[in-house]
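Fold and geometry: a report
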Amino acid sequence: GSGYKKKLLQAAERSAAAAEAAAKASEEEDRQIAFLEFRIKTLADMLREQINQTIAYHQKKQSTNAEEALEEDEQDSSDGASQLFLETLTRYKKKLLQAAERSAAAAEAAAKASEEEDRQIAFLEFRIKTLADMLREQINQTIAYHQKKQSTNAEEALEEDEQDSSDEEEAAAPEEESEAEEEEGPVYNPLNLPLGFDGRPIPYWLYKLHGLGQEFKCEICGNFSYWGRRAFERHFAEWRHSFGMRCLKIPNTTHFKAFKQDQELECEDADGNVMSLRAFEDLRRQGLL
């Protein structure tokens, strides 16, 4: 039901966008036509005198016979003012033709925009119809559900809600039981890694990062083993080490908490020379031992 509603909303938004684009195109077309009409009217006002003269000239031409027309043509050809009028008339005709061409181009553009708009609307209608056919079953179920919901009173609706909630609880109960059984089962830990806060083994990379595979023993704590450098350094402030220091009557200060593994461990070579572990490893790598 929710997927169908989303698809209908998307289709409605697209159709609204297409309608808005069509309205904008129509407004632009009307604006262009109005602008062309204004330009034609302006040109007509500018050439009003020439137009009237042209109309009077042709009316007079039609009312005269052939001989009079021939005489008038000869007179007009000899008259410079008449030639200027003809040039003005020619320019006027050119301007009118240009305006007509522009209006035709605007009309063609408007027709193309209208066709594109109709095509988009038809495509959206086709998509909506296709989606409706695909979701016909869900649509019918939704309609039936809401009709049933509207026909029930408050008490029946409350009973149905309680029944639905009880069904959901019953369905969720087996899942919770299976999760509890999984948690109670044995934990797979072949590397014997330390357990985390959730009772599961920590990741192996974290185990290597903190050096939890290294064992440190403290003689003051009764040769108690600490795994990892961090745990060993932290034990100096714990009760076990403090108690051992008090038993030895040694103050538990920071001077006795410094620890460096390569300086504490000492090695002896075959000749009886005692040296630190670091020096011993360096000499052994160089082949001097």
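First things first, this report covers the structure right here in the doc. Predicted, not measured: the structure shown is a model, and the values here were computed from it.

Reading the values: the criteria
Residues numbered from 1 in each chain as written. Predicted model: local features only at pLDDT ≥ 70, side-chain atom pairs only at ≥ 80, totals over all residues. Heavy atoms only, no water. Helix = DSSP H or I, 4+ residues; strand = E, 2+ residues; numbered from the N terminus. Buried < 20%, exposed > 50% of the residue type's maximum accessible area, 1.4 Å probe, protein only. Areas by Shrake-Rupley, 256 points an atom, 1.4 Å probe, with all protein chains shown as cover. Core = buried A, V, L, I, M, F, W, Y, C linked by side-chain atoms within 4.5 Å. Contact = heavy atoms within 4.5 Å. Pairing = 2+ DSSP bridges. Phe/Tyr/Trp six-rings, centres within 6.5 Å; stacked < 30°, edge-to-face > 60°. Salt bridge = Lys/Arg side-chain N within 4 Å of Asp/Glu carboxyl O. Arc of directions from axis to C-beta.

**A short note on the overall build of the protein**
- Tallying secondary structure elements over the protein gives 11 helices and four strands in all.
- Counting all 289 residues of the protein, 17% fall into the buried class.
- Accessible surface, the protein: about 22900 Å² in total, of which carbon and sulfur atoms supply 54%.

**A few points about the nonpolar core**
- Ranked by size, the top nonpolar core spans six residues in total: F216, C218, C221, Y226, F232 and F236.
- Contact partners of C218, with chain neighbours within four places excluded, come to N223, F224, Y226, F232, H235 and H241.

**Examining the pairing of strand β1 (residues 215-218)**
- Of the two faces of β1, only the one carrying F216 and C218 is buried; E215 and K217 on the other face are not.
- Relative to strand β2 (residues 224-227), β1 runs antiparallel, the two being bridged by four bridges. Bridge assignment links C218 to a residue of β2, and that residue is F224.
- Where β1 folds back on β2, the antiparallel hairpin that results is connected by five residues, among which G222 adopts a positive phi of roughly 80°.

**Remarks on unusual backbone geometry**
- Here N192, not a glycine, exhibits a phi torsion of approximately 55°, which is positive.
- Structurally, N192 can be placed in the loop between α6 (154-184) and α7 (204-209).
- Unlike most non-glycine residues, N223 shows phi in positive territory, near 55°.
- By the element assignment, N223 lies in the loop between β1 and β2.
- Take N223: its relative accessible area is 47%, and that puts it in the partly exposed class.

**Remarks on the packing of aromatic side chains**
- For the structure shown, the criterion picks out five aromatic pairs.
- Among the aromatic side chains, those forming a connected cluster through ring pairs are F216, F224, Y226, F232 and F236.

**Points about the pattern of salt bridges**
- Following the criterion strictly, the structure yields nine salt bridges and no others.
- Note that D45 and K41 form a salt bridge whose closest N and O atoms lie 3.4 Å from each other. Within this pair, D45 and its partner K41 are both found in helix α1 (residues 2-46), separated by four residues, close to a single helical turn.
- Taking relative accessible area as the criterion, K41 reaches 52% and is therefore assigned exposed.

**Observations regarding helix α9 (residues 239-247)**
- Within the sequence span of α9, burial applies to H241, S242, G244 and M245. For α9, the angular spread of the buried residues around the axis is 160°, confining them to a single face. Residues of α9 that are exposed and angled more than 90 degrees away from the buried face: W239 and R246.
- Its buried side turned inward, α9 meets β1.

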